[in-house]
Amino acid sequence: MSRYNFKETEAKWQGIWEDRGVFTVTVDHDRPKYYVLEMFPYPSGRIHMGHVRNYTLGDVVARFKRAQGFNVLHPMGWDAFGLPAENAAIANNVHPAKWTRENIDTMRQQLKTMGLSYDWSRELATCDPSYYRHEQKMFLDFLRAGLVYRKESWVNWDPVENTVLANEQVIDGKGWRSGADVEKRQLPQWVFKITDFAEELLADLGSLDRWPDRVRLMQENWIGRSTGAFIEFDIAGRDDRLKVFTTRQDTIFGASFCAMSPNHPIAQSLSENDPALASFIDECNRMGTSEAAIETAEKKGFDTGLTCRHPFIGGKLLPLYVANFVLMDYGTGAIFGCPAHDQRDLDFARKYALDVVPVVCPADADEATFTIDDEAYVGDGAIINSDFLNGMEVEAAKAEAARRLAKNGDGEATITYRLRDWGVSRQRYWGCPIPVVHCATCGIVPVREADLPVQLPEDVTLGGAGNPLAAHPTWKSTACPSCGGDAERETDTFDTFVESSWYFARFCSPTADESLVREAVDYWLPVDQYIGGIEHAVLHLLYSRFFTRALKACGYLGIKEPFAGLQTQGMICHETYRDENGAWLLPAEITRDDAGAWSTVDGNRAVNVGRSEKMSKSKKNVVDPEHIIETYGADTARLFMLSDSPPDRDLDWTDSGVEGAWRYVNRLWRMVTQPGIAPAEVGTARPDKLSAQAADVERAIHKTIDAVNDDLERFHFNKAVARIRELSNVVEALRGGAPGDAWVMRCGLETVVQMIGPMMPHVAEELWHQLGHETLLVETPWPQANPAMLIEESVTIAVQVNGKLRGTVELPAGAAKDVAETAALAVPTVAAAIDGKAIRKVIVVPDRIVNVVL
RNA sequence: GCGGGCGUGGUGAAAUUGGUAAACACAAGGGACUUAAAAUCCCUCGGCCGUAAGGCCUUGUCGGUUCAAGUCCGACCGCCCGCACCA
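Keep in mind that this is a model prediction, so the values were computed, not measured.

**Here we look at the overall build of chain A**
And then number 1: Along its length, chain A carries 25 helices and 35 strands.
And then number 2: The C-alpha extent of chain A, read off along each of the three principal axes, is 105 × 85 × 65 Å.
And then number 3: Here chain A holds 854 residues, and 52% of them are scored as buried.
And then number 4: When contacts within chain A are restricted to residue pairs at least 6 apart in sequence, those whose partners lie at least 24 apart make up 72%.
And then number 5: Only carbon and sulfur atoms are counted for the fraction: they give 49% of the accessible area of chain A, which is about 37,400 Å².

Okay, here's the thing in structure tokens:
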């Protein structure tokens, strides 16, 4: 028997698809379009299993939609700027451009062995000047439109390397290479005004009905709309006022202190004459800049000795602290503390022995005796101890407090957002240069559009102190576009999130001279189905939503939302292995004997098997996709990726699971090439009479088509695989049956081959050919279910007594309630369970269940 | 610390709106074929009791709502993702 030769077959069909250009698409207004996109990869070196999963998921959608008659755009490119290229450059003395280009070549070749239905003519790399020059033009348009400004922002500063560190380069507060204590430092940065769109980005989440709820919820919380009030406190003995933001102005009578961020201007100015405060601020600035670092640090305060006047209680003075947990970037960088009704304020008050005055009394408590112990009360209730607010409910009190503050000129109701503007300046080489120049006479001047792109210099020294572009001897010297005098280029480059915020639009016209061709983007956008990791739930996806709106404001395109549908994918996990010394071992380095004991392949060392974790190089629990594809073929790898877990859940990579997928590939091959009865010829008409078994199989075919369609639309790919396998089981059982069943056999085999096509395109294409078709499977329309075949004639109904299953009964579909009840009570096991007791009631859910309640 | 999610047999999982828990596979065990192995085919397979018929228990833990809970509500435990300069 001929065994399936995946190597030959996969290469053959990849060649034919490419030669015929079946995945190359153009705008075609006569056909409905469908844009499928997977998050493009960073070219880190080689593809990993996460890529294989992501692109397999996308390919299933692309091929399914193509078979359904859509004009499918399915492109691939490279998110090619980033920090790892610079690290590799320093470690291996190779230029980031060369390293990146070589990685792209390797990964492209690897992806091509997977048989993905990409239109490779649209490939792009973001590090290419022909890509980033458009980004520079967009930036200039945003600048003109007032969507960009300069702002002093905090960065992690390594005082030894004289360089800015990314959060991931800060390990326990120290620079990853120098080991020096990292400081916070302020630098002028370019910032995108994403907050201009805060309300819109929040409101329009409601229109994204094909996004996962949890992603929308995360974005909603990230934008963090809060209604509250500004309150301005007079500071005793000073002319300026302390402006705070609060969501609980109703608790103002419970205020016992005020606190400001260490970076608040008032704190900064006080520190100039107060060495103790300066040292406290220094200590705060040794924490990282990440919110997690700030929020998990021990809460500390420094009493400035200043006091704030309470706006409604004459003579009451609140001590003013500098506190490490007050964020400069949220609200006004200052708060008032009401310990009774906020847990963090309560902890702070207990630590510094401040008053705790309850001002909201829960409905079930007595106002006279209600006290706060070690838990703040954050719920609703009636206001107490609060003068003119007494007796009001919380919401009414918020409105009244805001009204009174405004009347007295001490504040006003307001709305704030947690969302901050997007700082895009990076002090790095391997990124898109920001196209402005600094002129001593004219200030900051945009580069003329005709002079774009501002290209990165090739000759650069990496690994030295500071920003490599700033250290370059000549690159930054230029003439001012405005006055023509000597000027310096901006040496910062863009955050790499900028490139990934518009690449989906560039794919519509990837080689055009124009940044975005309106006819192309108007036809293809939005992306109908976007697929990628959940880790991008907020930043990348929110930035892209902002960028699309900014592009619309500047006339580049006409849509607001870039991604109509979103599917997030889980991670690939694998067991972990360590030797007796705790050193990590690769799966390829270990083996298991017949008794089930693990050891290293050489047999010398015992192996401890750890739980399954996300595949990572550091834990060595990785399997190289290239090895799997060489051993089993792309179809097997793809099937395994799809069959074991639903796409959004983590997937455990197991050798036995891959073996199982491989066996199914071969089983399909045998079913078609060596069936027990020969399938009918292509185009044979359905016989009038079928055997009972064949008639059942025919119904199963149509039910499976119907169910698989539904599964594919809903991303239940693992269920689709299970159903197709089930169908192949019943089709295979026709072997050796009546000769008249040949037609059903063919129908079943063709249906299985067609439906498995998006998942295992090569073997499916080959089997389609083996079944005698002259046309390509990829150009064959998706099978249709015959509605008449889907109607159930009878159903099995479960019968419960007091909620416990006691039997089942077979009834015609749609049987009336009383018919079902009578039949249920007649079931012997049910009657035995009732045992002559009185029946209180009988619940009948037609076609589902009967529950007899005693 | 804050925000979001997940938890079902030995394993991956399935169970449209609350309505027969464990479909489809993997692993394991037994058998057939074979000189033998691989491959393939057949059978068993959540736990306990029982020869069987059948019974009892079971969806991380505890509690609640309901005729009925894996599914809804509350509390807790464990794991994972994100937290703005990793991509």
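**A word on the packing of helix α18 (residues 634-643) against helix α21 (residues 717-732)**
And then number 1: Contact geometry of α18 with α21 gives a least axis separation of 7 Å together with a crossing angle of 110°. When the interaxial angle is binned, α18 and α21 end up roughly perpendicular. Residues L639, L642 and S643 of α18 pack against F717, N718 and V721 of α21.
And then number 2: Classifying every residue of the contact of α18 with α21 by side-chain character gives four nonpolar, two polar and no charged.

**Let's talk about the pattern of salt bridges**
Pairs can form between side chains of opposite charge once their charged atoms are near each other.
And then number 1: Scanning the entire structure with this criterion turns up 53 salt bridges.
And then number 2: R638 is paired through a salt bridge with D59; the nearest N and O atoms lie 2.8 Å apart. One end of the pair, R638, is in helix α18; the other, D59, is in helix α2 (residues 49-67), with 579 residues separating them in the sequence. D59 matches R638 in its accessibility class, with the two residues each being buried.
And then number 3: Close ionic contact of E750 with R746 constitutes a salt bridge, the shortest N to O distance being 2.4 Å. In this pair, E750 and R746 both sit in helix α22 (residues 742-756), four residues apart, roughly one turn of the helix. Note on accessibility: E750 and R746 belong to one class, buried.
And then number 4: Beyond isolated ion pairs, a larger network of salt bridges with shared partners links E200, D204, R545, R549, K560 and E561.

**Overview of the sheet that holds strand β9 (residues 241-246)**
And then number 1: Taken in spatial order, the three strands of this open sheet run β9-β8-β16, and their pairing is antiparallel. Each end of this open sheet is capped by a strand with a single partner; those strands are β9 and β16 (411-417). Geometrically, the sheet is characterised by an average inter-axis angle of 30° between neighbouring strands, direction not taken into account.
And then number 2: Of the strand pairs in this sheet, strand β8 (residues 225-234) and β16 are connected by seven bridges, and their pairing is antiparallel. Within the sheet, the bridge partner assigned to F230 lies in β16 and is E412.
And then number 3: Where helix α12 (residues 394-407) meets the sheet, its contacts fall on β8 and β16, and the angle it forms with β16 comes to roughly 120°.

**So, the packing of aromatic side chains**
And then number 1: Overall, the coordinates contain 46 aromatic pairs when judged by the stated rule.
And then number 2: A centroid spacing of 6.2 Å and a plane angle of 85° characterise the contact between F257 and Y321, whose relative ring orientation is edge-to-face. You can see F257 sitting in strand β10 (residues 257-260) and its partner Y321 sitting in strand β12 (residues 317-323), a full 64 residues away along the chain.
And then number 3: Aromatic pair F312 and F388: ring centres 5.0 Å apart, planes at 80°, arrangement edge-to-face. Note that F312 is positioned in the loop between β11 (301-309) and β12 and F388 in the loop between β15 (382-383) and α12, a separation of 76 residues in sequence.
And then number 4: Put simply, the rings of F139, F142, W190, F192, F197, W422, F494, F497, Y543, F546 and F547 touch in pairs and so form one group of aromatic residues.
And then number 5: In this arrangement the basic side chain of R63 is found over the ring face of W17, its NZ or CZ atom lying 4.5 Å from the centre.
And then number 6: Sitting above the plane of the F230 ring, K243 keeps its charged end 4.1 Å from the centroid.

**Quick word on the packing of helix α7 (residues 213-223) against helix α16 (residues 539-553)**
And then number 1: Here α7 crosses α16 at 75°, and the two axes come no closer than 10 Å. The angle between the axes of α7 and α16 places the two elements in the roughly perpendicular class. In this structure, α7 uses V215, Q219, W222 and I223 to contact α16, whose residues at the interface are L539, L541, L542 and R545.
And then number 2: Here the contact of α7 with α16 is composed, by residue class, of six nonpolar, one polar and one charged.

**Digging into the sheet that holds β12**
And then number 1: Spatially, β11-β12-β10-β13 is the arrangement adopted by the four strands of the open sheet, whose pairing is mixed. Where the open sheet ends on each side, the last strands, each with one partner, are β11 and β13 (334-337). With direction set aside, neighbouring strand axes in the sheet form an average angle of 30°.
And then number 2: Here helix α9 (residues 275-285) sits on the sheet and contacts β11 and β12; the angle it forms with β11, its principal contact strand, is near 115°.

**Considering the nonpolar core**
And then number 1: In terms of nonpolar packing, the biggest core is built from 171 residues, with Y35, F192, L525, W653 and M759 touching the most fellow members.
And then number 2: Every residue in contact with L525, bar those within four places of it in the chain, is listed here: K33, Y35, F504, A505, C508, L557 and I559.
And then number 3: With 36 residues, the next largest nonpolar core counts C308, V360, F388 and A397 among its residues.

**Structural notes on a negative patch on the surface**
And then number 1: Taken together, the side chains of E575, D644, D650 and D652 present a region of like negative charge at the surface.
And then number 2: Mapped onto the elements, D652 comes out in strand β31 (residues 651-652).

**A short note on unusual backbone geometry**
And then number 1: Looking along the chain, the bond that leaves L452 and enters P453 is cis, with omega of 0°.
And then number 2: Here P453 shows up in the loop between β20 (443-446) and α13 (468-471).
And then number 3: Of the consecutive residues L525 and P526, the connecting peptide bond is found in the cis state with omega at 0°.
And then number 4: With respect to the helices and strands, the residue P526 is situated in the loop between α15 (518-524) and β24 (529-533).
And then number 5: A positive phi angle, near 50°, is found at N162, a position not held by glycine.

**Digging into the protein's contact with RNA strand B**
And then number 1: Residues in contact with RNA strand B amount to 66 residues; listed here are only the nearest, N167, R428, K719, N729 and N851.
And then number 2: In the interface set of RNA strand B, defined as its atoms within 4 Å of the protein, sugar plus phosphate atoms amount to 66%.
And then number 3: D79 is positioned with one of its side-chain polar atoms (N or O) 2.8 Å from a sugar or linking oxygen of RNA strand B.
And then number 4: One nitrogen or oxygen atom from the side chain of R426 is found 2.8 Å from a phosphate oxygen belonging to RNA strand B.
And then number 5: With six residues, α21 is the single largest residue contributor to the surface near RNA strand B.
And then number 6: In terms of residue class, the surface near RNA strand B is made up of 23 nonpolar, 20 polar and 23 charged.

**Comments concerning the state of the cysteines**
And then number 1: For the structure on display, the rule yields zero disulfides.
And then number 2: C258 forms no disulfide, and the closest cysteine sulfur to it belongs to C308, at a distance of 4.0 Å.
And then number 3: The thiol of C442 is unpaired, and the distance to the nearest cysteine sulfur, on C483, comes to 3.6 Å.

**Thoughts on the pairing of strand β34 (residues 841-845)**
And then number 1: Looking at chain direction, β34 and strand β35 (residues 849-853) are connected through five bridges and run antiparallel. Along β35, the bridge assignment pairs V844 with V850.
And then number 2: With antiparallel pairing between neighbouring strands as the criterion, β34 and β35 make up a hairpin whose turn holds three residues, including D847 at a positive phi of roughly 65°.

**As for the environment of E375**
And then number 1: The topology assignment puts E375 in the loop between β14 (360-361) and β15.
And then number 2: Residue classification places E375 among the exposed residues on the basis of a relative accessible area of 60%.
And then number 3: Along the backbone, E375 and H341 are 34 residues apart, and their C-alpha atoms lie at a distance of 8.6 Å.
And then number 4: For E375, the contacting residues outside a window of four places in its chain are Q343 and L346.

**What to know about the environment of T829**
And then number 1: Locating T829 in the fold gives a position in helix α25 (residues 828-834).
And then number 2: Relative accessible area serves as the criterion here: at 45%, T829 is assigned to the partly exposed category.
And then number 3: Counting along the chain gives 21 residues from T829 to T808, while the straight-line C-alpha distance between them is 9.1 Å.
And then number 4: In this structure T829 touches R806 and G807, once residues within four positions along its chain are discounted.
And then number 5: A distance of 2.5 Å separates a polar atom in the side chain of T829 from the backbone oxygen of R806.

Rules of the game
Residues numbered from 1 in each chain as written. Chains lettered and ligands numbered in written order. Predicted model: local features only at pLDDT ≥ 70, side-chain atom pairs only at ≥ 80, totals over all residues. Heavy atoms only, no water. Helix = DSSP H or I, 4+ residues; strand = E, 2+ residues; numbered from the N terminus. Buried < 20%, exposed > 50% of the residue type's maximum accessible area, 1.4 Å probe, protein only. Contact = heavy atoms within 4.5 Å. Areas by Shrake-Rupley, 256 points an atom, 1.4 Å probe, with all protein chains shown as cover. Axes fitted to C-alpha atoms, helices over the stretch in contact; angles between N-to-C directions. Parallel < 35°, antiparallel > 145°, perpendicular 65-115°, else oblique. Nonpolar A, V, L, I, M, F, W, Y, C, P; charged D, E, K, R; others polar. Salt bridge = Lys/Arg side-chain N within 4 Å of Asp/Glu carboxyl O. Pairing = 2+ DSSP bridges. Phe/Tyr/Trp six-rings, centres within 6.5 Å; stacked < 30°, edge-to-face > 60°. Lys NZ or Arg CZ within 6 Å of the ring centre and 35° of its normal. Core = buried A, V, L, I, M, F, W, Y, C linked by side-chain atoms within 4.5 Å. Patch = residues over 30% accessible without salt bridge, like charges linked within 9 Å, V, L, I, M, F, W, Y side chains within 5 Å. Lys, Arg positive; Asp, Glu negative; His and termini not counted. Charge placed at Lys NZ, Arg CZ, Asp CG, Glu CD. Near = heavy atom within 4 Å. Polar contact = N/O pair within 3.5 Å; in protein donor to acceptor, adjacent residues only side chain to side chain. Disulfide = S-S within 2.5 Å.

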